[in-house]
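Working through the structure, step by step
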Amino acid sequence: MLGVDLVLVPAALFLTLGLQQQGATASGELARAAPMLGLLMVLGTVLSLLMGIPKIQLKAYDLSGIGRTAVFAMAMAMAAGGLGSAAGLGYASGVYIVFGLVFFLLSAASRMILLQILWAIYRGDRPRRRVLIYGAGTTGVQLASALRTHETIEPVAFTDDNAGLQGMTILGLPVYKPARIPEIVRKRRIDRVLLAMPSLSLPKQTQILREMEKLGVEVQALPSFAQLIGEEELIDKLSPIMPGHFLGREKLDDQMQASETHYAGRTVLVSGAGGSIGSELCRQVLACGPKRLVLYELSELALYQIEMELQLLAESSETEIVPEIVPVLGSVTDARLVRKTLGEQAVDVVLHAAAYKHVPMVEANPLAGLANNVLGTATLAREAQEAGVERFVLISSDKAVRPTNVMGASKRLAELVVQDLAARAQGTVFAMVRFGNVLGSSGSVIPLFQEQIARGGPVTLTDPRVTRYFMTVQEAVGLVLQAGGFARGGEVFVLDMGEPVLIAKLARQMIEASGYTVRDTRHPDGDIEIRVTGLRPGEKLHEELIIGEGFLTTAHEKIFAAREARLSEIEVASALRGLRSAVAAADDDAARALVARWVEGYGPDHHKDGDEASTS
């Protein structure tokens with residue numbers, strides 16, 4: 001670049017002289033000025049290097065570079081005037097002024113031309129992605145400016161909702177109405193649309209995304225440059241939502257703390273240790289200071305993750321003795337592994353949280369659900385009794401009450417198995433804990449609604465009349481651990497969860513808590529729609545907590561116990577024998593018939609249960 005500028009010095013002087021006189025005379029005058037011209041080029045080299053002009057990259061040659069070139073040209077004009085006077089050339093001062101202007105124009109123009117030549121060389125035959133920028137405001141203009149020199153991306157045009165910008169040309173690009181996007185995409189061969197409007201709501205972005213998908217083009221959104229460098233906050237409409245806000249009652253977390261006396265210095269086994277409930281059980285039991293915590297889990301990944309987390313918690317605890325964390329990979333239906341684990345680890349307390357709980361999944365795979373939830377419970381409970389375990393607590397569900405789906409029926413059958421063992425147990429205390437939907441657990445409603453809101457909707461609702469009982473995971477786990485201390489044998493513990501929550505109201509609350517409005521017939525311009533999809537197989541409108549009438553009080557004012565009707569030992573044995581036969585024969589119909597025979601209130605043709613819009 002220094003060489004280019006030096007070549008332009010005699011070229012600029014020649015053009016200047018040509019403007020002042022005839023061409024033939026200009027050549028002669030240039031020869032007469034040769035000594036001065038040599039000194040001027042040497043002086044120009046020094047000035048150019050001092051001002052850093054040759055170091056300005058062509059693709060970064062902006063107003064700042066043009067300004068420095070202008071100052072350099074002015075200095076060259078003054079130097080030429082001084083050297084010309086010293087050499088006695090006798091030129092008028094206007095000649096030197098014109099020389100400076102011509103030199104500036106040639107220097108700036110040469111950089112523009114060289115840049116285009118270089119881009120043509122770099123790009124060669126490489127394909128370029130043609131983009132349409134949605135938004136001609138500050139962010140869009142900055143984006144277009146940045147992309148103008150990109151090797152593989154070519155900004156083609158703007159589109160903007162602002163009528164004042166439509167029809168204008170910005171940075172050489174036309175601004176169109178959004179309504180013309182399909183025409184622009186087709187005629188100008190657009191590959192991608194870039195959303196350069198950070199203030200655009202997420203539902204609006206989603207709407208644009210869907211429209212662009214129909215046209216076969218990609219869509220990408222970006223924040224403003226001020227947001228990227230931290231001058232403004234990044235816009236995130238989906239603000240964090242605390243599940244406890246939607247309980248419809250006061251949280252009981254502080255009232256549900258486990259009594260350390262039942263778990264301190266003991267060996268506790270948690271089945272399903274990697275699940276939502278199981279992992280929280282592990283955390284709270286670990287805080288009680290057990291001697292050993294056995295993590296029994298079927299999923300290798302879930303077991304690995306919870307073990308790593310608990311090892312860190314155990315090592316950072318302030319207790320004198322660091323609890324031993326024992327991971328066991330396997331199924332509760334594996335009697336040999338269960339027997340080996342209980343014996344070798346000398347387990348004192350079993351908290352049985354392992355279960356398949358997603359209603360539609362179990363409804364579609366009844367044999368797997370019944371085998372795991374019923375036969376697995378029977379295996380673990382029987383082996384726990386044989387091993388002399390002090391306490392066994394089964395984690396059940398409100399879906400076990402007059403169930404209308406296989407998952408709920410499997411949980412009720414598991415309760416009947418434990419009730420039977422409790423009636424005959426000599427040393428082991430068996431108890432059950434029954435609670436409703438756990439906010440934030442895997443497959444529960446709040447994560448699902450959050451995901452749907454993040455996508456811009458719609459939020460799906462099976463029926464606007466559906467209600468559910470809700471509790472936080474801390475409440476659920478506190479209830480289980482408290483029940484482990486209250487139990488005398490055979491009780492079903494439930495938490496006073498207040499009034500059931502209307503799921504339609506919950507959906508509306510979550511949409512509004514995320515900063516959006518609900519789109520319905522009364523508000524057609526709202527952000528997110530609530531779409532009713534109809535009750536699914538296995539789902540019913542309202543859940544219940546007990547099968548019989550009334551509650552029995554316990555030592556905790558918010559925990560109640562119910563003694564419910566049970567099957568006889570012969571009936572439970574018959575049910576288990578029939579279920580094993582159905583599983584061995586892979587006979588879904590036989591399994592469902594067995595459930596209908598032994599589970600009170602089971603009616604698969606009724607309105608069914610499950611979590612409101614998707615799973616649990």
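Residues numbered from 1 in each chain as written. Predicted model: local features only at pLDDT ≥ 70, side-chain atom pairs only at ≥ 80, totals over all residues. Heavy atoms only, no water.

1. Re helix H19 (residues 569-584)
In an α-helix, one turn spans 3.6 residues, which is why side chains three or four residues apart end up on the same side. Counted at 1.5 Å a residue, the expected span for H19 with its 16 residues is 22 Å, and the 22 Å between its end C-alpha atoms agrees. Within the span of H19, buried status applies to Val572, Ala575, Leu576, Leu579 and Ala582. Down the axis, H19 shows its buried residues gathered within 125° of arc, on one side only. In H19, those exposed residues whose orientation departs by more than 90 degrees from the buried face are Ile570, Arg577 and Ala584. (Helix = DSSP H or I, 4+ residues; strand = E, 2+ residues; numbered from the N terminus. Expected span 1.5 Å × (residues − 1). Buried < 20%, exposed > 50% of the residue type's maximum accessible area, 1.4 Å probe, protein only. Arc of directions from axis to C-beta.)

2. Regarding the sheet that holds strand E3 (residues 169-170)
Across the sheet, which stays open at both edges, the six strands sit in the order E3-E4-E2-E1-E5-E6 with mixed pairing between neighbours. Each having just a single partner strand, E3 and strand E6 (218-221) make up the two edges of the open sheet. For strand E1 (residues 129-134) and strand E5 (residues 192-195), the ladder comprises four bridges, and the chain directions are parallel. The residue bridging Leu132 from the neighbouring strand is Val193, located in E5. (Pairing = 2+ DSSP bridges.)

3. Considering the confidence of the model for the chain
Mean pLDDT for the chain: 79, with 80% of residues reaching 70 or above. A low-confidence stretch, residues 231-243 stays under pLDDT 50, and its non-local contacts, those more than four residues away or across chains, total 27 contacts. Between residues 606-616, whose pLDDT stays under 50, and residues either more than four places distant or in other chains, the model counts 73 contacts. (pLDDT = per-residue confidence, 0-100. Contact = heavy atoms within 4.5 Å.)

4. Things to note about the pattern of salt bridges
The tally for this structure, following the rule as stated, stands at 19 salt bridges. Put simply, Glu390 and Arg266 hold a salt bridge, and the shortest N to O gap is 2.1 Å. Residue Glu390 is found in the loop between helix H14 (366-386) and strand E11 (391-397), and its partner Arg266 is found in the loop between helix H9 (225-228) and strand E7 (267-271); the two are separated by 124 residues along the sequence. Across the salt bridge formed by Arg424 and Asp420, the nearest N and O atoms sit 2.7 Å from each other. Here Asp420 and Arg424 lie together in helix H15 (residues 406-424), a separation of four residues that amounts to about one turn. The class of Arg424 is partly exposed, set by a relative accessible area of 34%. Look at the salt bridges and you will find they share partners, linking Arg180, Glu183 and Lys187 into a network. (Salt bridge = Lys/Arg side-chain N within 4 Å of Asp/Glu carboxyl O.)

5. Overview of the environment of Glu491
As for its position among the elements, Glu491 is in the loop between helix H17 (473-486) and strand E17 (492-495). In this structure, the C-alpha to C-alpha distance between Glu491 and Ala561, residues 70 residues apart in sequence, is 6.1 Å. Look past the residues within four positions of Glu491 in its chain and what remains in contact with it is Phe430, Ala431, Met432, Phe486, Ala561, Ala562 and Arg563. A distance of 2.9 Å separates a polar side-chain atom of Glu491 from the backbone nitrogen of Gly489. (Polar contact = N/O pair within 3.5 Å; in protein donor to acceptor, adjacent residues only side chain to side chain.)

6. Here we look at the sheet that holds strand E20 (residues 528-532)
The three strands are arranged E14-E20-E19 in an open sheet whose pairing can be described as parallel. What marks the edges here is a single partner per strand, and that holds for strand E14 (459-461) and strand E19 (518-519). Alignment of E19 against E20, held across two bridges, turns out to be parallel. Looking at the pairing, Arg519 lines up with Glu529 of E20.

7. A few points about the environment of Gly427
Note on placement: Gly427 falls in the loop between H15 and strand E12 (429-435). C-alpha separation for the pair Gly427 and Arg391, spaced 36 residues apart in sequence, amounts to 8.7 Å.

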